[in-house]
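Okay, here's what each chain looks like letter by letter:
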Amino acid sequence: MEETVDYSKTPFIVGLNETQKIAVLEVEGPVLILAGAGSGKTRVITHRIAHLIRDRGIAPEAVLAVTFTNKASKEMLERVKDLIQEESRGLWVTTFHSMGSKILRKHPEVLGFDKNFSIYGTSEQKTLIKAIMKDLNIDTQRYQVKTVLSSISNLKGDNIHPDEAFDAINDRNISNVYDRYQALLKEANAMDFDDLQFHLLTLFNKHPDILEIYQERFEYILVDEYQDTNQIQYDLVKMLSKKHGNVCVVGDEDQSIYSWRGANIQNIINFTQDYATPEKKVKRYELNINYRCPGNCLKAANLLISNNTQRTTDKQDMIPHKEDGDMLPYYLGFDGHDEARDVTRTILNLQDEGVDLSTTVILYRTHAQSRVMEQQFIRESVPYQIFGGHRFFERKEVKDVLAYLSLLHNAKDTEALYRIINVPARGIGAVTLTKLRSFAENHRIPPLLALDGIDTVGASVQKKLMAFYEFYLEFLDFYHEGHSLVDLTRFLLEKIDYLNFLKAKEEHDRLENLDELINTMAEYEENEKNPSLEGYLEKTALVAAIDGFEDDSGMVTMMTLHNAKGLEFDYVFMVGLEEELFPHANSLQDPLLLEEERRLCYVGVTRTMKELYLSSARTRFIHGVEKYQVPSRFLREIGDEFLVKV
C-alpha cells in the first residue's frame, strides 16, 4: 500500500489563502483553476511548480508550463527559480510559440525544413502576401493585405490546411493565396508565427512516435490564460496530456477578449466535460479573492459581468480584499475635447499630490481615440507614452540589420535578401529583383545563389549583384570565425557603411536605435548560457507587443483595453464610454460579440489598484462627422450605486 505523504507543512503554501493552498497541493489528474482578476494566480502556478519539483520529487524536465507572452513566461520562471534555485534547471516554462519552435527545430527534416528555418514577422508576411497577390492578379482594393493575412492566420488557428481552405471559407482567391504563401515559405525555409503551432500539430499528427516522446516526457502540464486558447492550442494540450492525464489549466472566462484572433471561450467553459474520465474526475477551484481593486470598483465589476451568459456554471462573485474606497467618478463631457481636458486636470491634480505618472493609464477602445488626449497632453505639458505603436524590432533600420543576420543564418531566406540587397542603395532596382526572382524560380535555386550566374540582366547589373554576393561570402566567413553577435553586427555596419548612410540623411533617431540594437545583443550574450545567432534571431522574432512595456517611465501611459490585459495601475482612466464606440458598433447586432465587449470593459475596470475614473462625451467627431453620442450601456449596468457624477 502506497504511503500517504502529508504536504500540509510545505513552505510553498505559507501565506496563501485556503483555496490557493488546495490549488497548489492538488496536482494529480485534470484540474481547473478559475482565477479571477487580481486573485494571485501567478503565485499559485509558481508555487505549484515548486511543490511538484521540491516536495514530490518530480524531475524539472517532466514539467511543462505554457502561457501566452514572453513577459509572463519570464516572470513565471524567475519566480520559480527564486523558490527552488538550481532545481529548476530543465523546466520548460514557455509560450505556445516558443514551445513550437523548440520542438520543430529538433525534428525539422520530417516536415521538409532545415533546422535553421527563419521566423517571419508581420512585415515579411505582408511583403510576401503582396507579391503573391500581384502574381495572381488579385485586386488589393477589394482584398486588403492585412485582411488576407488575418484570414490565413485564422485558418491556421483552426488547423485548416491549404487544400481544405476553399471548403472552409468559400473564397477561391484567399485559398489560392494561402496555398502559394505556404509553398513560398517552405522554399525560403521559413515559418510565420502561426506556423510554429500549426506545423507542430501537423508533426504530432503525422508522426505519433515523435508525439510519444513529449507525451512521455511531460508528466505534469500547466496552462495559464486557458480562456485565450484557440483550436490548435486546445488540440496540443489535449494531445500532450493524454498519457499522464495531469493537466492543470488556469484562467477566467470573464477575461476572454481575443475571439477575433481565434480564441475560443468554450475551451475553458467545457474543460470539465472535455477532461473528466471514469478514473479521474476534474477538480475545480475558484480563486475569488481579489487583492488588487478597491471594494467598490470590484463590486461594480461584478455587477457588470453578471449580465453575461457565457460563464462557467455556478461561478462565485469576486470578493474584495481591500476596503470599499470611494465611489467611481464619472464625467460626461460636452465633447471629446472637454472630456480630454477633464482627464488632464485630474492627472495634473494627482501629480501635484505627488503621484508618479507612470502609475497612471488611459484606456480606450480604439487607437484613434488617443489623438484628442495627445493634443491636450501636449498643450498642458503632461509627459505621456502611447503603447502599441511601432515596436522596436519592427523599425526599419532594425529590420534591415536583422535581415542581414537572418540571411547569414538561413541562405534560403528570400524576403531577407530582397529587403537588403539594395540597402544602402547599390543601384539594384525593382526590375532587377523581378528578373532575379524569375531566374531563381526557373532554375529552382535560392535567389542568393542565383546572384552568381544570372544571365537575364545586363553586364553592369551583373557586376552589382556579384559584388553583393562576394560581400555576403566575406560576411559568412567572418561569422564562421566565431565572433560575437556584437562584433558581427559592427563588422556588418562598417562594411556596408550603414552608419554613414544614416548620418548623411541626418537620421539621428535611427542611429540611436542601432546602438540600442547592439545593446540588446550584448545583454543577450551576457545572460544566455549558450548564445547563438539562431537563438538571438528567434528571441527577436517571438517578441510580443506587451513584452516591451515599461511601467517606470515617469509618463502617463495610453493604450487600448486589449493591450491592458495582464497589467495593473494605481490610477485608471477609461474614456469614450459611449454606444457604438464602447461597446463597438460591430458588436451591437451579435449577442456573443456584445458579451466579449462587456468582458473587455470588465478587464479595464479590474486593472485598478487605487482609483478608477470613467468618462464619455455628448458629441464626438467620428469619421470626420460630429455625432451625438449615447452613454454606454456598461455605465447603466454598473449602476448608480457605485457611480458619482462629477
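Since the model is a prediction, treat every value here as computed from it, not as a measurement.

A. Representation of the pairing of strand β12 (residues 360-364) in the model. Within β12, 5 of the 5 residues are buried, leaving the element largely enclosed by the surrounding structure. Judged by which residues are buried, β12 turns out to be covered on both faces: Thr-360, Ile-362 and Tyr-364 on one side and Val-361 and Leu-363 on the other are all buried.

B. Layout of the domain arrangement of the protein chain. Annotation of the protein chain at the domain level lists domain 1 (11-102 + 201-287), domain 2 (118-188), domain 3 (295-388 + 551-645) and domain 4 (393-545). Here the C-alpha centroids of domain 1 and domain 2 sit 32 Å apart. Carbon and sulfur atoms supply 45% of the area that domain 1 and domain 2 bury against each other, a total of about 490 Å² over both sides. Taken as a group, Thr-202, Gln-231 and Ile-232 account for 50% of the area that domain 1 buries against domain 2, more than any other trio of residues on that side. Summed over the shared surface of domain 1 and domain 2, the number is 1 residue pair in polar contact (both at pLDDT 80 or more). If you list the elements that add at least two residues to the side of domain 1 that touches domain 2, you get α9 (195-206) and α11 (231-240). The greatest single-element share of the side of domain 1 that touches domain 2, amounting to 3 residues, is contributed by α9. Classifying every residue of the side of domain 1 that touches domain 2 gives 3 nonpolar, 6 polar and 1 charged.

C. Examining the packing of helix α17 (residues 396-409) against helix α24 (residues 508-527) more closely. One way to put it is that α17 packs onto α24 with a least axis distance of 9 Å and a crossing angle of 45°. One way to sum up the angle between α17 and α24 is to call them oblique. Pair α17 / α24 crosses with right-handed handedness. Counted together, Lys-396, Glu-397, Val-398, Val-401, Leu-402 and Leu-405 of α17 and Arg-510, Asn-513, Leu-514, Leu-517 and Met-521 of α24 form the full contact between these two elements.

D. Main features of the environment of Glu-611. Take Glu-611: it is sitting in strand β16 (residues 608-622). You can call Glu-611 partly exposed: its relative accessible area is 29%. Taking the C-alpha atoms as reference points, Glu-611 and Asp-570, 41 residues apart in sequence, are found 6.4 Å from one another. Among all residues touching Glu-611, those that are not within four sequence positions of it are Asp-570, Tyr-571 and Val-572. Of note is the side chain of Glu-611, whose polar atom sits 2.2 Å from the side chain of Tyr-613.

E. Up close: the pairing of strand β7 (residues 247-251). β7 sits mainly inside the fold: 5 of its 5 residues count as buried. With burial as the criterion, each face of β7 is covered, one bearing Val-247, Val-249 and Gly-251 and the other bearing Cys-248 and Val-250. Pairing of strand β1 (residues 31-35) with β7 involves 4 bridges; the strand directions are parallel. When the bridges of β7 are listed, Leu-32 appears paired with Val-249. Of the pairings in the sheet, the one linking strand β6 (residues 220-223) to β7 comprises 3 bridges and is parallel in character. The partner of Leu-222 across the bridge, within β7, is Cys-248. In the classification by handedness, the crossover that spans β6, the intervening α11 and the parallel β7 is right-handed.

What counts and what doesn't
- Residues numbered from 1 in each chain as written.
- Predicted model: local features only at pLDDT ≥ 70, side-chain atom pairs only at ≥ 80, totals over all residues.
- Heavy atoms only, no water.
- Buried < 20%, exposed > 50% of the residue type's maximum accessible area, 1.4 Å probe, protein only.
- Helix = DSSP H or I, 4+ residues; strand = E, 2+ residues; numbered from the N terminus.
- Domains from an automatic or database assignment.
- Buried area = accessible area lost by both parts, 1.4 Å probe.
- Polar contact = N/O pair within 3.5 Å; in protein donor to acceptor, adjacent residues only side chain to side chain.
- Nonpolar A, V, L, I, M, F, W, Y, C, P; charged D, E, K, R; others polar.
- Axes fitted to C-alpha atoms, helices over the stretch in contact; angles between N-to-C directions.
- Parallel < 35°, antiparallel > 145°, perpendicular 65-115°, else oblique.
- Left-handed = near helix turned anticlockwise from the far one by under 90°.
- Contact = heavy atoms within 4.5 Å.
- Pairing = 2+ DSSP bridges.
- Right-handed = clockwise from strand over helix to strand, strands pointing away.

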